[in-house]
Amino acid sequence: MRTLCAGTLVGEFIVIGLAALVASRLSEVPAGTLWAVSGTAMVLCLVLCGMLGRPGAVRLGWALQAALIASGFVLPAMFLLGAAFAGLWWASVHYGRIVDRLKAARAAA
């Protein structure tokens, strides 16, 4: 599960950075606000990558996804990106747990 979740977070980090670059040229949101929101989200993605495997990391990941969707009020493109990455986060957690259970069952047999 950690591998799938880390992959999602790294992808999220990259896409948020690229979206911020595009938005800085096309959006009417002040550059300081745009980079503060995007930079905070990017840092949180990296911090959460380091926390994977610890208690509460999955819940913090859900909080990050909710915060990204909510940041759509500042940068409208984040509504779509937040929803897409929330779906990827769900898939990473769900299928990661299935794979972890299968590996544990195989190791026990």
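Our structure is the block above this text.
Computed from a predicted model, the values in this text were never measured in an experiment.

## Focus: the packing of helix 2 (residues 31-51) against helix 3 (residues 57-70)
For step 1, the next point in the chain: Running from N to C, helix 2 and helix 3 point in directions that differ by 165°, and their axes come no closer than 10 Å. The orientation of helix 2 relative to helix 3 falls into the category roughly antiparallel. Here helix 2 runs over helix 3; the crossing is left-handed. Contacts between helix 2 and helix 3 involve Ala41, Leu44, Cys45, Leu48 and Met51 from the former and Ala57, Leu60, Gly61, Leu64 and Leu68 from the latter.
For step 2, the next point in the chain: For the contact of helix 2 with helix 3, the per-class residue count stands at 9 nonpolar, 1 polar and no charged.

## Topic: the nonpolar core
For step 1, the next point in the chain: Counting residues in each nonpolar core, the largest one holds 19 residues, and the members touching the most others are Leu9, Ile16, Leu52, Leu64, Leu68 and Trp89.
For step 2, the next point in the chain: Counting only elements with at least two residues in this core, the list comes to helix 1 (2-26), helix 2, helix 3 and helix 4 (77-108).
For step 3, the next point in the chain: It is helix 2 that contributes the most residues to this core, 5 residues altogether.

## Description of the packing of aromatic side chains
For step 1, the next point in the chain: Across all of its chains, the model carries 2 aromatic pairs by this definition.
For step 2, the next point in the chain: Taken together, a centroid distance of 5.1 Å and an interplanar angle of 85° make the contact between Phe73 and Phe79 edge-to-face.
For step 3, the next point in the chain: Classification of Phe79 by relative accessible area gives partly exposed; the value is 35%.
For step 4, the next point in the chain: On the basis of an interplanar angle of 80° and a centroid distance of 6.0 Å, the ring pair of Trp90 and Tyr95 is categorised as edge-to-face.
For step 5, the next point in the chain: Overall, the relative accessible area of 44% leaves Tyr95 in the partly exposed class.

## Notes on the packing of helix 3 against helix 4
For step 1, the next point in the chain: Their axes nearest at 7 Å, the elements helix 3 and helix 4 cross at an angle of 160°. By the angle between their axes, helix 3 is roughly antiparallel relative to helix 4. Judged by the sense of rotation from one axis to the other, the crossing of helix 3 with helix 4 is left-handed. Contacts between helix 3 and helix 4 involve Ala57, Val58, Gly61, Trp62, Gln65, Leu68 and Ile69 from the first element and Met78, Phe79, Gly82, Ala83, Phe85, Ala86, Trp89, Trp90, Val93 and Arg97 from the second.
For step 2, the next point in the chain: Within the contact of helix 3 with helix 4, the residues separate by chemical class into 13 nonpolar, 3 polar and 1 charged.

Reading the values: the criteria
- Residues numbered from 1 in each chain as written.
- Predicted model: local features only at pLDDT ≥ 70, side-chain atom pairs only at ≥ 80, totals over all residues.
- Heavy atoms only, no water.
- Axes fitted to C-alpha atoms, helices over the stretch in contact; angles between N-to-C directions.
- Helix = DSSP H or I, 4+ residues; strand = E, 2+ residues; numbered from the N terminus.
- Parallel < 35°, antiparallel > 145°, perpendicular 65-115°, else oblique.
- Left-handed = near helix turned anticlockwise from the far one by under 90°.
- Contact = heavy atoms within 4.5 Å.
- Nonpolar A, V, L, I, M, F, W, Y, C, P; charged D, E, K, R; others polar.
- Core = buried A, V, L, I, M, F, W, Y, C linked by side-chain atoms within 4.5 Å.
- Buried < 20%, exposed > 50% of the residue type's maximum accessible area, 1.4 Å probe, protein only.
- Phe/Tyr/Trp six-rings, centres within 6.5 Å; stacked < 30°, edge-to-face > 60°.

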